[in-house]
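# Observations on the three-dimensional arrangement
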Amino acid sequence: MDYIEKVLEKVRDWARKLIDALLGPDVRPEPEPIPIPVDDRRIRR
């Protein structure tokens, strides 16, 4: 059973490398910036 798991892991690794070679590296979209509320009003005395 251990032998089969090792072979499957190798096959997955080779498939991942093949896909990376054909399609390029894993491209993740840039995360959108989170808007941070800013209190821009100044206190006038």
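Going by the structure above, here's the rest.
Note on numbering: residues in each chain are counted from 1, in written sequence order. Where local features are concerned, this predicted model is filtered to residues with pLDDT of at least 70; where side-chain atom pairs are given and counted, the filter is 80 or more; whole-chain, interface and lining totals use all residues. The basis for every side-chain value is the complete set of non-hydrogen atoms in the structure, without hydrogens or water.

### What about the overall build of the protein?
When helices and strands are counted, the protein shows one helix and zero strands. Counting the 45 residues in the protein, one finds 0% classified as buried. Here the accessible surface of atoms and residues is derived via Shrake-Rupley with a 1.4 Å probe, and residues count as covered only by protein chains that are part of the display. Counting every atom, the protein has about 5600 Å² of accessible surface; 59% of that belongs to carbon and sulfur. Secondary structure elements follow DSSP: runs of H or I no shorter than four residues count as helices, runs of E no shorter than two count as strands, and numbering proceeds from the N terminus. Relative accessibility decides the category of a residue: with a 1.4 Å probe and only protein chains considered, values under 20% of the type maximum give buried, values over 50% give exposed, and everything between is partly exposed.

### Considering the pattern of salt bridges
By definition, a salt bridge exists where a carboxyl oxygen of Asp or Glu is found within 4 Å of a side-chain nitrogen of Lys or Arg. For the structure shown, the criterion picks out two salt bridges. For the salt bridge of R16 with D13, the shortest nitrogen-to-oxygen distance reads 4.0 Å. Taken together, the residues R16 and D13, both in helix 1 (residues 2-23) and three residues apart, mark about one turn of the helix. In this structure, D13 engages K17 in a salt bridge whose closest nitrogen and oxygen atoms are separated by 3.7 Å. In this pair, D13 and K17 both sit in helix 1, four residues apart, roughly one turn of the helix. Each of the salt bridges in this network shares a partner with another, and the network as a whole consists of D13, R16 and K17.

### Side note on helix 1
The span expected for a helix works out to 1.5 Å for each residue beyond the first. Counted at 1.5 Å a residue, the expected span for helix 1 with its 22 residues is 32 Å, and the 31 Å between its end C-alpha atoms agrees. Counting buried residues along helix 1, only zero of its 22 residues qualify, which leaves the element largely exposed. Immediately beyond the C-terminal end of helix 1, within one or two residues, lies G24, with a positive phi of roughly 90°.

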